[in-house]
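So the chains spell out like this:
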Amino acid sequence: MPKLPRPGAEQNRCAQYNAPDRLRGCTSSERGNPNRGFRTAFITRSELPAGPGRWRTCPPPDVGVSAPSQELLLAGVLLMSACYGIGALSCLLAPWSGRLALGVGHLAALAGGLAGLGVSVAILLGDPGQTLAVPLPDLFPFARLSLVVDSLAAFFVLVISLVAIAAALYGPAYLRAHSPDAAPARQAAQALGLNVFIACMVFVCCAGDALTFLLCWEGMTLASYLLVVSEDRHGENAHAGLLYMVMTHGGTALLLVAFLSLTERAGAFDFTALRAAAGNLDGVTRTTLFFLAFGGFAAKAGAIPLHVWLPRAHPAAPSHVSALMSGVMLKVAIYGMLRFGFDLLAPAAAPLPSSWGWTVLFVGTISAVLGVLYALQQHDLKRLLAFHSVENIGIILIGVGLAMILWRREGAGGALATVALTAALLHIANHAAFKGLLFLAAGSVLARTHVRNMEDLGGLARRMPWTAGLFLLGAVAISALPPLNGFVSEWLTFQALLGGAGHFHGPAGLGIVFSAPMLALTGGLAAACFAKAFGVTFLGRARTPEAEHATEAPPSMIAGMVWLAVLCVALGVAPGYAIRLLDAPTAALLQGPGASAVVTARGPLVLSTALTTSGMDATAISMTMMAALLIALTGVAWVLRRGLRRASQRSAPTWTCGMSPTARFDYTATAFAKPLRLVFAALYRPRREVIRETAGTPYVFRRIHYAGEVVDLAETQIYHRVQRGITALSRSIRARSTGRIYGYIGFVLGALFVTLLLFGVGQR
Amino acid sequence: MTGERPLGLVLLEMILLVLIGPLVTGVIQKLKARLQCRAGADILQPYRDLAKLFRKGTVQADTTSGFFRSIPVLVLAATVAAGALVPVLRAGPPAFPLGDALMLLGLLALARFLTAVGALDAGGAFGGMGASREMTIAPLVEPVLMMVVFSTAMAAGTTELGALAAHRGTSWIFAWRAADFLAFAALLVLLPAETGRIPVDNPDTHLELTMLHEGMLLEHSGPGLGCMVLASHTRQIVTLGLGAALFFPIGPTDGPGVMGLAVGAGAFAGKILALVIYLALVESSYAKLRLFRVPQYLGVGFVCALTALALRIL
Amino acid sequence: MSADTVQSIIDDLGALLLFTMILIIAASQISRAIYAVAAQSLLIAIAAGVLAKATGNVDLWVIAGVTLAVKAIALPWVLHWVVWRMNVRREVEPMIPVAATLALAVAVVVMSFHLSGSLGPVRQTITGNALPVGIALTLLGVLVMATRKTALTQMVGLFASENGIFFTAMAVTQGMPFIIEIGVTLDVILAALVMTIMVLKVRSTVDADIADLDRLKG
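Every value quoted in this text rests on a predicted model; they were computed, and no experiment measured them.

Along chain B, the regular secondary structure elements total 11 helices and 1 strand. Listing each helix as α and each strand as β along chain B from the N terminus yields α-α-β-α-α-α-α-α-α-α-α-α. At 19 Å, chain B has a C-alpha radius of gyration in line with the 20 Å of a compact globule built from 314 residues. The principal-axis extents of the C-alpha atoms in chain B amount to approximately 55 × 40 × 40 Å.

Let's shift gears to the confidence of the model for chain B. Residues and elements named next belong to chain B. When pLDDT is averaged along chain B, the result is 86; 93% of the residues meet or exceed 70. Here helix α6 (residues 161–169) stands out as the least confident element of chain B, with mean pLDDT 79; helix α3 (residues 71–83) is the most confident, with 94. We note a pTM of 0.79 for the whole complex and an ipTM of 0.94 for its interfaces.

With that settled, consider the packing of aromatic side chains. Under the criterion given, the structure shown has 25 aromatic pairs over all chains. Arranged with centres 5.1 Å apart and planes meeting at 45°, the rings of A:Phe471 and A:Phe538 form a pair that is tilted. On the criterion of sequence distance, the pair formed by A:Phe471 in helix α15 (residues 465–478) and A:Phe538 in helix α17 (residues 507–538) is long-range, its members being 67 residues apart. You can call A:Phe471 buried: its relative accessible area is 0%. With a centroid separation of 5.3 Å and an interplanar angle of 85°, the aromatic rings of B:Phe184 and B:Phe248 are classed as edge-to-face. Of this pair, B:Phe184 sits in helix α7 (residues 178–195) while B:Phe248 is found in the loop between α9 (222–247) and α10 (257–285), placing the two residues 64 residues apart along the sequence.

Much of the literature gives interface size as the accessible area that the parts lose upon coming together. On the side of chain A, 88 residues touch chain B, which itself brings 88 residues to the contact. Summed over the three residues of chain B that lose the most area to chain A, namely B:Phe96, B:Phe113 and B:Ile313, the buried surface amounts to 9% of that side. At the boundary of chain B and chain A, one finds 0 salt bridges. Scanning the region where chain B abuts chain A turns up 19 residue pairs in polar contact (both at pLDDT 80 or more). Examined bridge by bridge, strand β5 (residues 649–652) of chain A and strand β1 (residues 58–61) of chain B share 4 bridges and lie parallel to one another. Bridged to A:Ala652 within β1(B) is B:Ala61.

Residues and elements named next belong to chain A. Looking at chain A as a whole, its pLDDT mean stands at 82, while 88% of the residues score no less than 70. The least confident element of chain A is helix α21 (residues 595–599), whose mean pLDDT is 77; the most confident is α15, at 95. Overall, residues 1–66 carries pLDDT values under 50, and its contacts beyond four positions in sequence, including any with other chains, amount to 82 contacts.

Membership of the largest hydrophobic core comes to 349 residues, with the highest contact counts inside it found for A:Ile334, A:Leu338, A:Phe342, A:Phe530, B:Phe113 and B:Phe150. Tallying contributions element by element places helix α13 (residues 413–449) of chain A first for this core, with 23 residues. Listed in part, the 64 residues of the second largest apolar core include C:Leu143, C:Met145, C:Ala146 and C:Val156.

Now for the side chain of B:Arg235. Position of B:Arg235 among the secondary structure elements: in helix α9. Setting aside residues no more than four positions away along its own chain, B:Arg235 makes contact with B:Thr79, B:Leu108, B:Ala111, B:Arg112 and B:Glu194.

Attention now moves to the environment of A:Leu678. Residue and element names in this part refer to chain A. For leucine 678, the position within the fold is in helix α23 (residues 669–679). When its relative accessible area of 40% is taken as the criterion, leucine 678 is described as partly exposed. When the C-alpha positions of leucine 678 and tyrosine 699 are compared, they lie 28 Å apart, and in sequence the two are 21 residues distant.

A regular strand carries its side chains on alternate faces of the sheet. Residues and elements named next belong to chain A. For strand β6 (residues 687–694) and strand β7 (residues 701–709), the ladder comprises 8 bridges, and the chain directions are antiparallel. Within the sheet, the bridge partner assigned to arginine 687 lies in β7 and is glutamate 709. Once β6 ends, the chain turns through 6 residues before running back antiparallel as β7, passing glycine 696 with a positive phi of about 80°.

Moving on to helix α12 (residues 381–406) of chain A. Residues and elements named next belong to chain A. Compared with an ideal rise of 1.5 Å per residue, which puts 26 residues at 38 Å, α12 spans 38 Å between its outermost C-alpha atoms and is within 8% of the ideal. Counting buried positions along α12 gives 25 out of 26 residues, so the element sits mostly inside the fold. At the C-terminal side of α12, arginine 408 shows a positive phi close to 65°.

Further remarks concern the pattern of salt bridges. For side chains of opposite charge, pairing can occur when their charged atoms come near one another. Residue and element names in this part refer to chain B. Evaluated as defined, the whole model comprises 18 salt bridges over all chains. Arginine 48 is paired through a salt bridge with aspartate 42; the nearest N and O atoms lie 3.1 Å apart. Taking relative accessible area as the criterion, aspartate 42 reaches 37% and is therefore assigned partly exposed. A salt bridge links glutamate 283 to arginine 197; the shortest N-O distance between them is 2.7 Å. Residue glutamate 283 is found in helix α10, and its partner arginine 197 is found in the loop between α7 and α8 (213–216); the two are separated by 86 residues along the sequence. Like glutamate 283, the residue arginine 197 is buried in the burial classification. Within this structure, Arg112, Glu134, Glu142, Glu194 and Arg235 form a network of salt bridges that share partners.

On to the packing of helix α8 (residues 283–301) of chain A against helix α10 (residues 319–344) of chain A, then. Residue and element names in this part refer to chain A. Where α8 meets α10, the axes come as close as 8 Å, and the angle between the chain directions of the two elements is 170°. As the angle between them shows, α8 and α10 are arranged roughly antiparallel. Across from Phe290, Ala293, Phe294, Phe297, Ala298, Lys300 and Ala301 in α8, the residues of α10 making contact are Met329, Leu330, Ala333, Ile334, Gly336, Met337, Phe340 and Gly341. Classifying every residue of the contact of α8 with α10 by side-chain character gives 12 nonpolar, 2 polar and 1 charged.

Rules behind the numbers
- Residues numbered from 1 in each chain as written.
- Chains lettered and ligands numbered in written order.
- Predicted model: local features only at pLDDT ≥ 70, side-chain atom pairs only at ≥ 80, totals over all residues.
- Heavy atoms only, no water.
- Helix = DSSP H or I, 4+ residues; strand = E, 2+ residues; numbered from the N terminus.
- Rg over C-alpha atoms; globule rule 2.2 N^0.38 Å.
- pLDDT = per-residue confidence, 0-100.
- Phe/Tyr/Trp six-rings, centres within 6.5 Å; stacked < 30°, edge-to-face > 60°.
- Buried < 20%, exposed > 50% of the residue type's maximum accessible area, 1.4 Å probe, protein only.
- Contact = heavy atoms within 4.5 Å.
- Buried area = accessible area lost by both parts, 1.4 Å probe.
- Salt bridge = Lys/Arg side-chain N within 4 Å of Asp/Glu carboxyl O.
- Polar contact = N/O pair within 3.5 Å; in protein donor to acceptor, adjacent residues only side chain to side chain.
- Pairing = 2+ DSSP bridges.
- Core = buried A, V, L, I, M, F, W, Y, C linked by side-chain atoms within 4.5 Å.
- Expected span 1.5 Å × (residues − 1).
- Axes fitted to C-alpha atoms, helices over the stretch in contact; angles between N-to-C directions.
- Parallel < 35°, antiparallel > 145°, perpendicular 65-115°, else oblique.
- Nonpolar A, V, L, I, M, F, W, Y, C, P; charged D, E, K, R; others polar.

Quick look at the structure:
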């Protein structure tokens, strides 16, 4: 058993503020030697920037876990797969009892999620270079399937498992409440679809070769399609599912081209061979392949302008599946981008071509701003949340783009790239948590009221207090307000943008720094949007009988939501520990110092980034301290509010200029969003129709009919034009159809001619 | 000069800001009155108003949910926590890292969000209208503020306000570059928007159609309203303190003991007074803008801030 | 018979086949076209017989006999009967002027000669003009089908195309497997039967030619 070296004069003392005893005398050890039983620090002492005063920097805290053996991890992965497999097979129980199938399926998904959680945390706390290779049976003669779980994959498996646990807890009660008279076949489909969906997502992230990746990618799409169209909604869902399939398969086609170009050059399918083959590519081919892959992944992630399927498909699915799709499936696409950009296609020792990072940054900024703008005008809770997913994917892409721009640049660029990537990965986890929470809360509203339009709800906070409180928590988190987790990842993104802008001089720097106010704009608009969503849905008076008679959601649904809410709070108040988990992925992907060395160099309670190397103090904030301060101040303010002596309290109707207030007096969602609709009218192109029915004289109105519409700019400018072009083309071809047989034979002859000429003549 | 502000000093500064916030409002009211050839109320009147509010009983609307009672508490807590991030008496980063300018903006945004939610809670159109308008102005103000903060932070290499002020402390106003002038102009454009004064909002009226911030406070009463009013005073002085830290860091020194703190306090008072005079002048000289003209007004600030950033980088 | 003799006989027959094809294209009356395709089938039968004699392949004798009986005698007779019985229009109605069709035919022949030069390995196993002629016949048969209006002329074009395929097969592989030969012949017979019935029935019901039915389109 190796001994801890005693703390001596030559060693720096670690941060002693709030540090437990075992941190004293911690030392940095060599990279990657598993026999020593220490968790490795990633840079030596001399490389860390020295802080002011008595705050010496310190390596990340030793968690004290011994290195998990490969066999244990392998057993964990097999257990996880077995759980999902059992869950998928539980659909066979449906002929006996649909509810049993549903229950068993979701229980198995829960177990699989817990197993995945354990395995991924074990891998993330381990050696950054450690990968777990899982052998798979040889199904195909031309390629060997394999699973390789490295730290990046482990991180994504962690995110997937966290949301899967919540969805599995939430699912059965939701399906019972939402569609109580569903046929057993439908319930079986739900159980099957959920387990296959989660399992395929996990295996996409763990894929070690192109074939496994693509197979599981397709499986993910098909399972989610099954779940999207599984609820009966008069053909709306069928249309949403169809659009989803078409766009996803378009993206998959691009992916296929990218992958197969690489496999053709490499001669094999596994990622190590692809990496080696990509090492010999020339710049243009490399960039083309990257953009093909980026297009394919962007279609799946829902970046503008490939987002048109998202607002239709996500609301159509059952709410826990929407949480999974929004919170996790979009992130699997980001995983693909990271894998392609930083791992497979990256040049050996040079920075990435600048067009990659700038395109990703640009797409991210546009998606963030337009996503939240369109979300503002939605009145369907789930559609609103779906558009917010577009916005958050934009924020993640901003981080990824920055990391691509800054990676391997000289000077402080390397550390800044780590900050940017940490921001992106942390936002992935954060978004999964709060978007999952929001979708589950929206789902419980939907399950209890069966009403989707928020204008028909209202007053639910008194009837469903838990759901309302958890929704408010999610709303604060997604609006990037301290002290919750949304603020942390946005802060990191801002710091990376600021540092990056300082790094580039000239127009490039201006481009980077312009993303920062755009990001601030999206934060402000998100807050506005959720003030509207929360206020109109939960506050005020109930506007319809369904809202009047709503009751609180069943406890298992609340349990799922509470799980994610606790995650949001934990990630917000103590993000240093989560960043500790991000060490391995960032170190492995960027081949540099891990996340905590750059971001939590002052200990796990403080986030700090050093933007310049001029000896200035690094910017440091502490979410934990701020949370503590807020709690203390809340206590003081509460005492203040109670008054110095007992004061009278009474209740009275809301002031409505003397009239008896009814539900009609409440401010509607359309009215709430109207000022913003007018401010951004250039982007919205709103249309409005007001019809006034008069009774008798033109001065007395019997009824006023107001209809307003906001168009999705991408849809009208791009997709409708493409649609019109294709329709015109097919119409013109149809005109050639004469109905007579000689015409058709003439076509055949012509085609035969052309084919023979093209292919026959060249062969001499 | 860079020093460190121990935790006790930070808390003292925070309490100081809360205590003199109403005084600042009183001074602005008095100045406005004088400019408008009125006598005006005493500068200590806001204190008396607050004391009255905290003694009164509460009348709560019957449609409010359980959140309503906690909204004033949370808003006040968030605003005062933002006050802890502003360097008042001495420049320099706090001993234990607390927050930077971005966190300050985030806390103020949290306060605004919770106020809007509280306004929608009681039902009725006034709260909704005030909340809607406030949440329209807020997303337009935040990017410009962000750009102002960034343009100064880029010169200093940090966004933490104490450290930023310490860095700027070495360069007097004569050392301002063109970027600083433009950023300061943008801040001056933003100040009425952030503090809820003419030409963006009218803090004196309670006519439902002309108020943004006041509209959201309509249903609060008694100590709750007292907390909200105190929060708006604190927000005002926090914003002024932010401007002072970003652009006029002269004064706070590393001088030992009480002497240094007294000098810092005097300097701070002087800076705040300058900005207060500006606010009073603007309020007395202009009329309140229509809501849909405010984006154009803020656009001026946006262009100034953007140019400041461009000059800083290029 | 020596290989060269066989080769020259096949080449001459090929030339004659092309001539009959031109007759089909240029025919202005249906009955002339039918006679031309009958002659073409006769020439195919002769070619099959010659090859049978040269290679000693029994199948080729059967092929020759079947072609003679079915395609040179029986099917043309059926077509003549339809023409006589139904009093169909005696003129062949082309879609594009005959001169244009002939120009196209020349282009097709040139192209098929050009093509067969570049069909690599196949070129070595056969010599002479058999392959290009066969390809040209096939394509010209399709050309006839594409440029003529009436159903009967399209049948003629089908038969000519069929002959071309036969000739190509025989030239390249010295005979087709018997089962394919029977299958193809049956195919042609069935097509002829179906077309005959349709023409008669449509004519009796609607009093219009099949070619005038053109409403079924997209």
